[in-house]
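Inside the fold
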Amino acid sequence: MNKAIQKHPDYKKYVIDSKLQYFKPHASKIEKTFAEEISSSLNRESKFIVPKFFYDKKGSDLFEKICTLPEYYPTRTEIAILKKLKTELPSFIDDSFRLVELGSGASVKTRLLLDIFTQMQQTTEYFPIDISEILAESSEQLLQDYDNLRITGIIDTYEGGLEFLKNYDDKNNLILFLGSSFGNFSPTDGKIFLEKINSTMKSGDLFLIGLDLVKDSQILESAYNDKQGITAEFNLNVLSRINDELDADFNLDNFSHYSIYNKEDQRIEMYLKSLVNQSVVISKSGLLLNLEKNELIHTEHSHKFTLDQIKTLFTSTGFKINHTWLDEKTNFSLTLVSKN
Ligand SMILES: C[S@@+](CC[C@H](N)C(=O)[O-])C[C@H]1O[C@@H](n2cnc3c(N)ncnc32)[C@H](O)[C@@H]1O
């Protein structure tokens, strides 16, 4: 048994075949954490639900739909930038690297990196880390398309996955964090998170992060409030999930999706708005939730950055910037950093 598993007895190991294994915390622990976090975040004056809870099976599927929407520029823009890496990334890595990905989701963009890795290496190791069960499904799909791929998945939080990775072995890691998911952190938590990544990394490791850039408010607001209502469905789905998994009685007709760009704080703010005065029971969290008409439950922040802020963010958290790639319209950025 390797060191990482000895250190993490809370994980159950699933070996699917010689190419795929994954680790997952025990089901009772997952449910307990969900119930406790919901109880604490809704039992206060400014109510919130953290965005990691969006991603049950339906939430992950809805997110994939969002990625294809005409208004949702981040996915196609980041893909366009990733395509440039085919010729440029090989000068930063050699064939000793493993690919690790935080919030891998459907691993669609990952394929652009796997194309590079699997061509450079006899066997490529990929460690996706994602809180969603979608990880298992997307890993199986990847294995159908890449013969020389071996996958060790960690179905857990980013922090759990990083702890798992820390001291795992001496192999160099390229850690990916795409989709501007980093923008969900508050500025303070984001810095703490980058310091955590930095302390997980060995001196030869690399970190490649996709960050969304500040732009016109209208472009931003329509990206998070699409005409087809898929983002609204995604936002409301978290209440269905709480109903299903925590025995709650949210009536989804009594809520609406609300999102707005806060220019001063450079972030999209996403909420669920209560349309009536109402009470909701969340049995497994032991909570009777009273909501007033127009009261907001905060569900997501998506921070946007300037290039100067990105520079400061990394230099102040112990990194040096190796390279930044941008799209033609400077809508999105990909930054490669290493430990300073
Ligand atoms: C915005 S999606 C991005 C997916 C993909 N990387 C992309 O760029 O299209 C965020 C992904 O991270 C996962 N996720 C969100 N919060 C997480 C957390 N705290 N820990 C682990 N995974 C998380 C979700 O399940 C989802 O697959």
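A quick note: this is a predicted structure, and the numbers were derived from the prediction, not measured.

Once that is clear, we can look at the packing of helix H2 (residues 27-42) against helix H10 (residues 230-246). Where H2 meets H10, the closest approach of the two axes is 11 Å, and the angle between their N-to-C directions is 125 degrees. Between H2 and H10, the angle falls in the class oblique. Crossing handedness for the pair H2 and H10: left-handed. Taken together, the residues of H10 that come into contact with H2 (itself represented by Glu31, Phe34, Ala35 and Ile38) are Arg241, Ile242, Glu245 and Leu246.

The next subject is the site of the ligand. By nearness alone, 16 residues border the ligand, and Tyr55, Gly103, Lys109, Asp130 and Tyr158 come closest of all. The separation between a nitrogen atom of the ligand and a polar main-chain atom of Ile131 is 3.2 Å. Residue Tyr158 places a main-chain N or O atom 2.9 Å away from a nitrogen atom belonging to the ligand. Calculation on the ligand without its partners gives an accessible area of 590 Å², and the protein chains cover 91% of this total. Taken together, the residues of the shell around the ligand break down into five nonpolar, six polar and five charged.

If you add up the space inside the second largest pocket, you get close to 510 Å³. Lining the second largest pocket are 21 residues, with Ile30, Glu31, Phe34, Ile131 and Arg241 positioned closest to its centre. Among the secondary structure elements, those contributing two or more residues to the lining of the second largest pocket are strand E2 (20-25), H2 and H10. Ranked by the residues each element gives to the lining of the second largest pocket, the list is headed by H2, at six residues. When its residues are assigned to classes, the lining of the second largest pocket shows eight nonpolar, three polar and 10 charged.

Here the focus is unusual backbone geometry. In this structure, Asn294 is a non-glycine residue whose phi angle is positive, near 75 degrees. By secondary structure assignment, the location of Asn294 is in the loop between strand E11 (287-291) and strand E12 (296-303). Of note in the backbone geometry, Thr330 takes a positive phi value of approximately 50 degrees without being a glycine. Note that Thr330 resides in the loop between strand E13 (319-326) and strand E14 (332-339).

What follows covers the sheet that holds strand E4 (residues 124-129). A sheet is described by the order of its strands in space; here nine strands give the open sequence E1-E2-E5-E4-E3-E6-E7-E14-E13, paired in mixed fashion. Edge positions in the sheet fall to strand E1 (11-17) and E13, since each has one partner strand and no second. In this sheet, neighbouring strand axes are inclined to one another by 20 degrees on average, regardless of whether the strands run parallel or antiparallel. As judged from the four bridges shared by E2 and strand E5 (residues 149-154), these two strands associate in the parallel manner. Residue pairing for E5: Phe23 is matched across the bridge by Ile154. Sheet strands in contact with helix H7 (residues 158-165) are E1, E2, strand E3 (97-102), E4, E5 and strand E6 (172-177), and its direction is about 145 degrees off that of E4.

About the criteria used
- Residues numbered from 1 in each chain as written.
- Predicted model: local features only at pLDDT ≥ 70, side-chain atom pairs only at ≥ 80, totals over all residues.
- Heavy atoms only, no water.
- Axes fitted to C-alpha atoms, helices over the stretch in contact; angles between N-to-C directions.
- Helix = DSSP H or I, 4+ residues; strand = E, 2+ residues; numbered from the N terminus.
- Parallel < 35°, antiparallel > 145°, perpendicular 65-115°, else oblique.
- Left-handed = near helix turned anticlockwise from the far one by under 90°.
- Contact = heavy atoms within 4.5 Å.
- Near = heavy atom within 4 Å.
- Polar contact = N/O pair within 3.5 Å; in protein donor to acceptor, adjacent residues only side chain to side chain.
- Areas by Shrake-Rupley, 256 points an atom, 1.4 Å probe, with all protein chains shown as cover.
- Nonpolar A, V, L, I, M, F, W, Y, C, P; charged D, E, K, R; others polar.
- 1 Å grid on protein atoms, 1.4 Å probe; cavity = no way out; pocket = protein on both sides within 12 Å on 5 of 7 lines; lining within 4 Å.
- Points joined across faces, edges and corners; volume = space filled by probe spheres on them.
- Pairing = 2+ DSSP bridges.

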